[in-house]
Amino acid sequence: IAITIFVLLRRNQHSKKIISEQNAVLLQKNEEIQAMNDQQENLLHLVVHDLRSPLNKIEGLAMIMKLEGPMLDNQKRLLHMMEEVTRKGKSFISEFLENSQVQYRSRQPLKEHFDLRALIEEINKEWSHHADNKNILLKCELKLPLRPAWSDRGLLYHIIINLISNAIKYSPNNTTVHLKAWHESNALHLQVKDQGQGFSEADKKKIFQRFQRLSAQPIGSESSTGLGLFLTKVLVDSLNGKIMLESEVGRGSVFTLVFEEVFV
């Protein structure tokens, strides 16, 4: 028995040594990967700055041209095209940068107590102006408890505006977008419903993937980078939430999100 115990102890010590060495290797690899990510992010910021610079110059030149005086119709048309291309380019760069930051910095949520009702009402007021440009009615329905929410306020803000902006972007004029929020036990339920183009079954299989071009197209002057819903899914996952989609082509879409332990 003594010999058996001795052998087992030696094996245990040997195993601990191997595990310790492997942990040290893994720690070093993680530090190297983090350093590479930091370098890539710094390089990305430099590239984005270089891409934004000429667009900002074009935007500035367009503003100067407007101040020069009356223009012919074809000049106005060309100027409008310049402004539109610049706007879409800057929008794509911003969304691409946000996507990269999510990938390189998958940070832990910074939870705090805050007034969720005030946050949603702020978003509703802000995006009602965007909806008005397409004669879209943005309706908000809240059934929330009086006690504060416990979550990451910034992440929830981005999740909600991503879904609302998408709903407005893909909906025709003179329709309604519904934003609902309610609680069941300690869980928060969020829902964004539109009367837009809807998604096909093929779309639903890839809707949360990066850089996907779906059958539904933005209505009006809006553009799409194929990153919005991908980013939304990443942010929802970071809060351990669930996102579900109900949709039919030509009959709009309903995105429902559930976050547990928000009203603890």
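Residues numbered from 1 in each chain as written. Predicted model: local features only at pLDDT ≥ 70, side-chain atom pairs only at ≥ 80, totals over all residues. Heavy atoms only, no water.

The next thing to look at is the overall build of the chain. Broken down by element type, the chain carries six helices and seven strands. Written out in order from the N terminus, the α and β elements of the chain read α-α-β-α-β-β-α-β-β-α-α-β-β. In the chain, which comprises 264 residues, the share counted as buried stands at 36%. Restricting the contact set of the chain to residue pairs at least 6 apart, pairs at least 24 apart contribute 72%. In the structure as shown, the chain presents an accessible area of about 16,600 Å², 56% of it carried by carbon and sulfur atoms. (Helix = DSSP H or I, 4+ residues; strand = E, 2+ residues; numbered from the N terminus. Buried < 20%, exposed > 50% of the residue type's maximum accessible area, 1.4 Å probe, protein only. Contact = heavy atoms within 4.5 Å. Areas by Shrake-Rupley, 256 points an atom, 1.4 Å probe, with all protein chains shown as cover.)

The strands that make up a sheet pair up through hydrogen bonds in the backbone, lying either parallel or antiparallel. Pairing in this open sheet of five strands is mixed, and the strands run β2-β4-β5-β7-β6 from one edge to the other. This sheet does not close on itself; its edge strands, each paired only once, are β2 (137–143) and β6 (242–247). When the angles between neighbouring strand axes are averaged without regard to direction, this sheet yields 15°. Where helix α3 (residues 116–132) meets the sheet, its contacts fall on β2, β4 (176–184) and β5 (187–193), and the angle it forms with β2 comes to roughly 170°. (Pairing = 2+ DSSP bridges. Axes fitted to C-alpha atoms, helices over the stretch in contact; angles between N-to-C directions.)

This next bit is on the environment of I160. Mapping I160 onto the fold places it in helix α4 (residues 153–169). Through-space distance from the C-alpha of I160 to that of L190 is 8.3 Å; in sequence the pair is 30 residues apart. Aside from chain neighbours lying at most four places away, what touches I160 is I120, I123, L179 and L190.

Scanning the entire structure with this criterion turns up two aromatic pairs. Where F199 meets F255, the ring centres are 6.4 Å apart and the plane angle is 80°; that geometry is what we call edge-to-face. With F199 in the loop between β5 and α5 (201–206) and F255 in strand β7 (residues 253–259), the pair connects residues that are 56 residues apart, well separated along the chain. A relative accessible area of 6% places F255 in the buried class. Taking 6.5 Å as the distance between ring centres and 70° as the angle between the ring planes, the aromatic pair formed by F208 and F255 counts as edge-to-face. Of this pair, F208 sits in the loop between α5 and α6 (228–238) while F255 sits in strand β7, and the two are 47 residues apart along the sequence. (Phe/Tyr/Trp six-rings, centres within 6.5 Å; stacked < 30°, edge-to-face > 60°.)

Looking now at the pattern of salt bridges. Following the criterion strictly, the structure yields five salt bridges and no others. The shortest N-O distance in the salt bridge between E141 and K143 comes to 3.8 Å. You can call K143 exposed: its relative accessible area is 54%. In this structure, the salt-bridge partner of D237 is K233, at a minimum N-O distance of 2.9 Å. Here the residue D237 and the residue K233 both occupy positions in helix α6, the gap between them amounting to four residues, near one helical turn. (Salt bridge = Lys/Arg side-chain N within 4 Å of Asp/Glu carboxyl O.)

As a further point, take unusual backbone geometry. A positive phi is found at S185, a non-glycine position, where the angle reads about 60°. Checked against the element boundaries, S185 lands in the loop between β4 and β5. One non-glycine residue with positive phi stands out, namely N240, at about 55°. You can see N240 is positioned in the loop between α6 and β6. Using a relative accessible area of 67% as the deciding quantity, one classes N240 as exposed.

Before going further, it helps to examine the nonpolar core. Ranked by size, the top nonpolar core spans 39 residues in total, and within it L116, I120, L156, I164, L188, L190 and F259 carry the most contacts. Among the elements that take part in this core, α4 stands out by supplying nine residues, more than any other. The residues contacting L116, other than those within four sequence positions of it, are L144, A149, L156, L188 and F263. (Core = buried A, V, L, I, M, F, W, Y, C linked by side-chain atoms within 4.5 Å.)

What follows concerns the confidence of the model for the chain. Residues with a pLDDT of 70 or more make up 78% of the chain, whose mean pLDDT is 81. The least confident element of the chain, judged by mean pLDDT, is helix α2 (residues 73–104) at 71; the most confident is β5 at 97. (pLDDT = per-residue confidence, 0-100.)

Relative to β7, β6 runs antiparallel, the two being bridged by six bridges. In the strand pairing of β7, K242 is matched with V258. Counting the residues in the hairpin turn of β6 and β7 gives five residues, including G250, whose phi is positive at 85°.

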